Amino acid sequence: MSKQEFKLLHIDLTNGSFEDIIVPPSIFNSLLGGKGLGAKILLDQLPPGCDPLGSENLLLFMAGPLTGTLAPAVRACVITKSPLTGTFADSYFGGHLGPEIRYLGYLGIIISGRAAEPSYILLENGNFELRSASHLWGQDTFATTKNLKEEMQDSTVKVGCIGPAGEKMVPFALINCEYNRHAGRGGTGAVMGSKNLKALVLKGSETVTVAREKDFMEAVQTAFSELENNEDVAGFSQDGTAAAVDFANSEFLLPTYNYYQGGFSQADGLNADAQRKHLWLRDTACTGCPVACNKVGKIRTGPHRGLVADTVEYETAAMMGSNLGIGNTRELIYLLYRCDALGLDGMSAGGVLGFAMEAATRNIISTEDSEGVALEFGSVKAADYLLDIIASGRTELGRILGQGVKKAAESLGGEAEEFAAHTKGLESPAWGPRSLPGMALALATSDRGGCHQRAFPVLFEVGGEWKGEGVSRLGLEDKAEIVFYHQNHLAGLDTLVKCDFGQYGITRSTYSRLLNAVLDWEISPDDFLTLGERVWNLVRLFNIREGFSRKDDSLPRRFTREPLPDGPYKGEVIKQEDLDQLLDDFYQLRGWDEKGQPTAERLEKLGLKTMESISWLAEDPKILTGGSENEKPL
Ligand code: SF4
C-alpha cells in the first residue's frame, strides 16, 4: 500500500465551489492515476446515457504518480465522455500544463456542472477562483493563452484553453495546452465549451513526493540511457514523428485521397526531410524530457511567409496532407496552424475534409452547398474554407461536417457511408490497415474509437517478431494475441501517465523501478500488464453501459469492401469473415463472451467484481468513498 495520500480537486462550475477529495488508497493501489482512476470515476459518477455536452458530464484533467517528477517522457491526460463517439475518451497532452497539476498538490482536477457565463479557472497556490472569460470568448487559442499570461502579469503560469471550435461545441474540438500541445482526440474541447469554460490557468509550487530518492535517481538515469540508446527514440529526437511519412508511404499504409489508396506520389513534399529543409527553426520539449521531439518551424517563402508554428507530426501530415492530396509542406503547416488556432483536432479535421472532398467528387455535395468553392482534392483553398465553416458553423454544410464523419455521412445519406472512414465515430488514424489484419483488429477494438495509440501491431506486422518468430504480415495467426498484449501494455502505462514516444525506449522494468521508488512499492514489470487488462475491462464496462457492443467493434466499409488499388499489396482487403475470426480470438483471450461482454470470472480475476463504486457526492463530500482494502498494490 502506498503511504502517500493522493487528492483530487473537484470544481463544480454550477455553484463555483472547490473541494479536495482524498483518493481511497485501495482505489489508488488498484488503478493508479491517469486512465485507470479516470475510468473508474467516469464509470461510477456519470449517469448512464448522459449527454456528453450536458452539465452532467465530467471533464477530468488527470496526472499520474510520475507526472511532475524527474522521470522523463511523462505527460497528463483529459478524460471525459466523448461527444464525438459517445464512448469513454482519454486524450493525452505533453508540454508543461500536466506537471502543474502535481505542483498544486493534486493528482487530478475534476470539473463538473456548467458555469453561468463564459469563465476561466485560476488555480494558484492558496488562490482558487472562477473568473469571467467574457473578454476572451471568441478568441483563438494562441490569443487566449497570450492574453491570459498578460492578464496574470506572469508568463510562467500554465494555460489550457479552447478556441472558437470548442466554444461552438464542434465534437472534434481540442484543448490547447500551452500553445503547442493538445488534448486532441475525442472532442475534449467541445465538453469544455459546453461547460462555458474557456481556460484553466495553473501555477503551483508544491514538491512532488518521492519516497526513495536514491533508487529513484538511479531509475531516472536508466530511463535517460534507454531513451538515448533507442533507435526509434533517436528518430523522434531528430525529426519528430514525421519520419514515418516515408515508412508508411513505402509500405502503402499512407491514407491518400480519403483512404482510397496507400501511396502518395507527393509524399516527398510532406516528409521529415522536406520539413527540416524548408521549415525547421528549433526543437522544444515537454517538462524534463530529453527527447525534444517537438519541432518548431518558420515558413520563409510563399503566401504564408513569416508564420512560425509547430512543424507537422506524422498523423497530421498524413491526414491533412496526403489524405487531402496536398503535398506541400508549407501549405500543410499553415493548415495545421489554422486547426490549432481554431481549436480543432487536426487528425479528425483531416478525416472530415477528405470525406467532404470525396463527397464533392461524387456530387453528393454541390458547389452551391460550398458557396462556389470547388472542394477538390489537392486544393488548399478548399481545405481552408472547410476549416472555417466547420469551426464557425456559419453554413449548413459547415454544421453537417462539423458533426464528424459518422454523423455527416448519415446526414448526407446515399452512398456517403461507403467512404466514411471512422470506427465508433472517431475518424480513422493515419494507418490504412487493408494489408495489416492486426492493425485492423486494433482499430476495430480500440476503446475510444478507431485509434492507433491503443495498440500498434504495425511494429510486429511489418518485419517484426512475436515470441522470437517472424510475423506473417497478411496472416491472421498471432494477431489477436499481439493486440491483446499491446493494449494491456499501453493501458497499464497510461495510468502513470507515460508518453507514447518515450515508451519506445523506456522498458517496463524501468517504469516499475520509477514507480516503486516514488511510492515505496515493490511491484514487478509484468504487474503493468495485469493493471492494463484491469483498466481495459473497466473502460469496456463503461462503453457497454453506453450501448456499445460487438457490432461496434467494426471497420469502415472502405477497409472491408474496397481492395487496396495500389502497391505490392494491391487487392488486399480485410474481409468481414476474417475480422469476425479475429474478434472471436480476441474476445476469448480477453475472457469476454461472444458479444464482447466481460465474463464474471474475468472481472473477478482482475479484482473488478468486488471493487466498490466510488462516490464523492455521498455521505462525506470530502472523501472519495468506497473500494475494498487491497493489501497488494496493483
Ligand atoms: S517524447 Fe516528445 S512528446 Fe513525449 S514527453 Fe518527450 S518531448 Fe514530449
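Since we're looking at a predicted model, the values are computed, not measured.

Criteria and cut-off values
Residues numbered from 1 in each chain as written. Predicted model: local features only at pLDDT ≥ 70, side-chain atom pairs only at ≥ 80, totals over all residues. Heavy atoms only, no water. Axes fitted to C-alpha atoms, helices over the stretch in contact; angles between N-to-C directions. Helix = DSSP H or I, 4+ residues; strand = E, 2+ residues; numbered from the N terminus. Parallel < 35°, antiparallel > 145°, perpendicular 65-115°, else oblique. Contact = heavy atoms within 4.5 Å. Pairing = 2+ DSSP bridges. Domains from an automatic or database assignment. Buried area = accessible area lost by both parts, 1.4 Å probe. Salt bridge = Lys/Arg side-chain N within 4 Å of Asp/Glu carboxyl O. Polar contact = N/O pair within 3.5 Å; in protein donor to acceptor, adjacent residues only side chain to side chain. Nonpolar A, V, L, I, M, F, W, Y, C, P; charged D, E, K, R; others polar. Core = buried A, V, L, I, M, F, W, Y, C linked by side-chain atoms within 4.5 Å. Buried < 20%, exposed > 50% of the residue type's maximum accessible area, 1.4 Å probe, protein only.

1. With respect to the packing of helix α21 (residues 527-545) against helix α23 (residues 576-590)
Phase 1 of the analysis: Running from N to C, α21 and α23 cross one another at 115 degrees; their axes reach a closest spacing of 12 Å. Relative to α23, the element α21 lies roughly perpendicular. Along the contact surface, α21 presents E533, W536, N537 and R540, while α23 presents F586, Y587 and R590.

2. Here's the deal with the pairing of strand β2 (residues 17-22)
Phase 1 of the analysis: Examined bridge by bridge, strand β1 (residues 7-12) and β2 share six bridges and lie antiparallel to one another. Residue pairing for β2: L9 is matched across the bridge by D20.

3. Examining the domain arrangement of the protein chain
Phase 1 of the analysis: Domain boundaries assigned for the protein chain yield domain 1 (7-203), domain 2 (259-427) and domain 3 (437-604).
Phase 2 of the analysis: Between the C-alpha centres of domain 1 and domain 3 there is a distance of 27 Å.
Phase 3 of the analysis: The interface of domain 1 with domain 3 comprises 42 residues on the first partner and 31 residues on the second.
Phase 4 of the analysis: When domain 1 packs against domain 3, close to 3000 Å² is buried across both sides, 67% of that on carbon and sulfur atoms.
Phase 5 of the analysis: At the boundary of domain 1 and domain 3, one finds three salt bridges.
Phase 6 of the analysis: For K35, the salt bridge identified is with D447, shortest N-O distance 2.7 Å.
Phase 7 of the analysis: At the boundary of domain 1 with domain 3, the tally comes to 14 residue pairs in polar contact (both at pLDDT 80 or more).
Phase 8 of the analysis: Elements supplying a minimum of two residues to the side of domain 1 that touches domain 3: α1 (25-31), α2 (34-45), β4 (76-81) and β5 (88-93).
Phase 9 of the analysis: At seven residues, α2 tops the list of elements feeding residues into the side of domain 1 that touches domain 3.
Phase 10 of the analysis: Of the residues that constitute the side of domain 1 that touches domain 3, the class distribution is 23 nonpolar, 13 polar and six charged.

4. What about the nonpolar core?
Phase 1 of the analysis: Formed by 94 residues in total, the largest nonpolar core has its most connected members in Y314, M320, L344, F355, L375, L387 and L401.
Phase 2 of the analysis: Setting aside its immediate chain neighbours within four residues, L375 contacts M357, A360, I365, S370, A382, Y385, L386 and L397.
Phase 3 of the analysis: If you look at the next biggest cluster of nonpolar residues, it comprises 64 residues, including F28, V233, C289 and V291.

5. Focus on the side chain of Q4
Phase 1 of the analysis: Residue placement: Q4 occurs in the segment before β1.
Phase 2 of the analysis: Accessibility expressed as a relative area gives 19% for Q4, which makes it buried.
Phase 3 of the analysis: Polar side-chain contacts of Q4 include one of 2.8 Å to the backbone oxygen of V518.

6. Side note on the pairing of strand β9 (residues 158-161)
Phase 1 of the analysis: Neither face of β9 is open: one carries K158 and G160, the other V159 and C161, and all of them are buried.
Phase 2 of the analysis: Pairing of β9 with strand β12 (residues 197-203), which is carried by four bridges, proceeds in the antiparallel orientation. By the bridge assignment for β12, G160 is matched with L200.
Phase 3 of the analysis: Sheet topology places β9 next to strand β10 (residues 175-177); two bridges connect them, and they run antiparallel.

7. Concerning the sheet that holds strand β14 (residues 294-298)
Phase 1 of the analysis: Taken in spatial order, the three strands line up as β13-β14-β15 in an open sheet, and their pairing is antiparallel. The open sheet has two free edges, formed respectively by β13 (280-284) and β15 (308-310), since each of these has just one partner strand. On average, each strand axis in the sheet is tilted by 25 degrees relative to the strand beside it, whichever way the strands run.
Phase 2 of the analysis: When β13 meets β14, the two strands line up antiparallel, connected through four bridges. The partner of D283 across the bridge, within β14, is K295.

8. A look at the pattern of salt bridges
Phase 1 of the analysis: Taken as a whole and assessed by the stated rule, the structure comprises 44 salt bridges.
Phase 2 of the analysis: For K7, the salt bridge goes to D20, with nearest N and O atoms at 3.4 Å. In this pair, K7 is assigned in strand β1 and D20 in strand β2, connecting sequence segments 13 residues apart.
Phase 3 of the analysis: By relative accessible area, which is 25% here, K7 ends up partly exposed.
Phase 4 of the analysis: The salt bridge involving R362 is made with E415; its shortest N-O contact spans 3.1 Å. Here E415 lies in the loop between α16 (405-412) and β16 (422-423) and R362 lies in the loop between α13 (346-361) and α14 (380-392), a separation of 53 residues in the sequence.
Phase 5 of the analysis: For R362, a relative accessible area of 30% gives the class partly exposed.

9. Notes on the sheet that holds strand β8 (residues 127-132)
By way of backbone hydrogen bonds, the strands of a sheet pair with one another, either parallel or antiparallel.
Phase 1 of the analysis: Spatial strand order, β8-β7-β12-β9-β10-β11: six strands in an open sheet with mixed pairing. In the strand order of this sheet, the two ends are held by β8 and β11 (181-183), each with one partner. Strand-to-strand twist of the sheet, defined as the mean angle between neighbouring strand axes without regard to direction, takes the value 20 degrees.
Phase 2 of the analysis: Pairing of strand β7 (residues 119-124) with β8 involves six bridges; the strand directions are antiparallel. Residue pairing in the sheet places I121 in a bridge with L130 of β8.
Phase 3 of the analysis: Sheet strands touched by helix α4 (residues 141-152): β7, β8, β9, β10 and β12. Its angle to β9, the strand with the most contacts, is close to 145 degrees.

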